[in-house]
Amino acid sequence: AMVADRRIEAEHASRRRAISEEGLIVEAVADLHGTLLEGLHGWRERLERSLGKRKIRESSICATTLSRVRSKHGLDQGDFSAAQQLMDIGVYLLIWGEAGNLRFMPELIYFLTECALTAVPKQEGRGLYDVGTGGKSCLYLSRIVRPIYTVVFDEWHTQVDIAPNGKDAKKLKEKLQRYLPPDVANYDDWNELFYDPARLAESLVLDNPSPDAVDVKLFSLPPGEHYAALHNINWRRSLSSTKTKTHREVHSLLGVYASIHRVVLLHV
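Here the structure is a predicted model, which is why all the values come from computation and not from measurement. (Residues numbered from 1 in each chain as written. Predicted model: local features only at pLDDT ≥ 70, side-chain atom pairs only at ≥ 80, totals over all residues. Heavy atoms only, no water.)

Enquirer: Where do I start with the environment of Gly 34 in this structure?
Expert: Mapped onto the elements, Gly 34 comes out in helix H2 (residues 21–36). Note on Gly 34: relative accessible area 33%, which makes it partly exposed. The spatial distance from the C-alpha of Gly 34 to the C-alpha of Ile 89 is 9.8 Å, given a sequence separation of 55 residues. (Helix = DSSP H or I, 4+ residues; strand = E, 2+ residues; numbered from the N terminus. Buried < 20%, exposed > 50% of the residue type's maximum accessible area, 1.4 Å probe, protein only.)

Set out below in structure tokens:
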């Protein structure tokens with residue numbers, strides 16, 4: 001695009017038509033931000049309508065990084081806004097890139113992205129999910145993504161076998177071999193939970209050291225602490241079908257009749 005713009009500028013040099021490449025980049029970033037993160041913007045709006053506008057600390061990792069960039073390079077307001085948008089895009093793509101099968105739940109990706117963008121560091125200069133010592137992994141993938149997907153996997157499957165072609169073959173639970181029972185949760189149910197911030201705030205509970213302890217909900221913590229607390233969420237309780245399922249999916253021949261009853265009535 002830049003090469004084409006330079007050619008156009010050369011062709012119109014006699015008319016003194018100047019093209020600002022910096023302005024084009026800022027405009028392109030804004031367009032990409034609006035298109036790629038349209039769902040995230042909608043998620044934020046629903047969050048504010050349900051729980052009120054949240055106070056985001058200026059000490060969040062993203063805000064601190066942007067402030068340093070602005071001070072170092074002397075960015076004006078337009079360039080600073082573009083830097084903020086690039087930060088949003090970069091964090092979203094990093095979350096999406098490590099999400100694996102969780103990508104089937106885009107509302108969950110928006111939730112994780114918002115948590116990351118508002119995260120406040122525990123200690124200055126240290127990441128929230130550093131690599132552990134002694135060969136023990138403490139990475140985002142193993143401490144957040146994998147526990148969530150484990151709950152998703154266990155809802156339908158018992159184990160992973162090796163197919164004759166050498167690929168993984170998930171083994172369904174015996175009661176799910178023919179069709180899903182009416183009260184089994186699926187990707188749509190979990191995605192709907194994250195779509196509704198009010199339900200989500202009630203559902204996400206942290207692990208309790210004692211069964212008699214009072215439940216601590218994730219949204220009772222300040223927004224800046226959500227990302228650091230994700231690995232402490234009891235995902236099995238939070239994503240159980242009793243909390244996520246809002247309707248029963250009953251399999252019946254009545255569905256077939258409802259689809260063709262007009263044809264039957266007209267021809268019988």
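Enquirer: Just checking my understanding: could you explain the packing of helix H3 (residues 38–51) against helix H6 (residues 106–117) for this structure?
Expert: Packed helix pairs are specified by the crossing angle of their axes together with the interaxial distance, meaning the distance between the axes. For the pair H3 and H6, interaxial distance at closest approach is 10 Å and the crossing angle is 75°. Put simply, H3 runs roughly perpendicular to H6. Every residue of H6 that contacts H3 at Gly 39, Leu 40, Trp 43, Arg 44 and Arg 46 is listed here: Glu 107, Tyr 110, Phe 111, Thr 113, Glu 114 and Leu 117. Residues that form the contact of H3 with H6 fall into these classes: 5 nonpolar, 2 polar and 4 charged. (Axes fitted to C-alpha atoms, helices over the stretch in contact; angles between N-to-C directions. Parallel < 35°, antiparallel > 145°, perpendicular 65-115°, else oblique. Contact = heavy atoms within 4.5 Å. Nonpolar A, V, L, I, M, F, W, Y, C, P; charged D, E, K, R; others polar.)

Enquirer: Mind showing me how you'd approach helix H8 (residues 187–195) here?
Expert: Helical geometry: 3.6 residues make up each α-helical turn, so side chains three or four residues apart lie on a common side. Where H8 is concerned, the buried positions are Asp 189, Trp 190, Asn 191, Leu 193 and Phe 194. At its buried positions, H8 is contacted by H3, H6, helix H7 (140–156), helix H9 (197–203), helix H11 (235–238) and helix H12 (241–244). Where H8 begins, the side chain of Asn 186 points an oxygen toward the backbone nitrogen of Asp 188, at a separation of 3.0 Å. (Polar contact = N/O pair within 3.5 Å; in protein donor to acceptor, adjacent residues only side chain to side chain.)

Enquirer: What is the right way to look at the pairing of strand E2 (residues 168–172) in this model?
Expert: Every regular strand shows the same layout, with side chains that alternate between the two sheet faces. Sheet topology note: the strand E1 (residues 157–162)/E2 ladder contains 5 bridges and is antiparallel. Bridging from a neighbouring strand, Gln 159 pairs with Lys 171 of E2. Linkage of E1 to E2, two consecutive antiparallel strands, is achieved through a turn of 5 residues, within which Gly 166 is found at a positive phi near 90°. (Pairing = 2+ DSSP bridges.)

Enquirer: Hey, could you run me through H3 in this one?
Expert: With 14 residues, H3 ought to run about 20 Å at 1.5 Å a step, and its terminal C-alpha atoms sit 20 Å apart, in line with that. Among the structural elements, H6, H8 and H9 are those in contact with the buried residues of H3. Looking one or two residues beyond H3, the residue adopting positive phi is Gly 52, at roughly 85°. (Expected span 1.5 Å × (residues − 1).)

Enquirer: How should the nonpolar core be read in this particular structure?
Expert: Nonpolar side chains tend toward joint burial in soluble globular proteins. Phe 111, Leu 218, Leu 230 and Trp 235 are the most contacted members of the largest nonpolar core, which totals 47 residues. The set of elements that each furnish at least two residues to this core consists of H3, helix H4 (61–73), helix H5 (77–97), H6, H7, H8, H9 and helix H10 (226–229). In terms of residue count, the dominant contributor to this core is H6 (8 residues). (Core = buried A, V, L, I, M, F, W, Y, C linked by side-chain atoms within 4.5 Å.)

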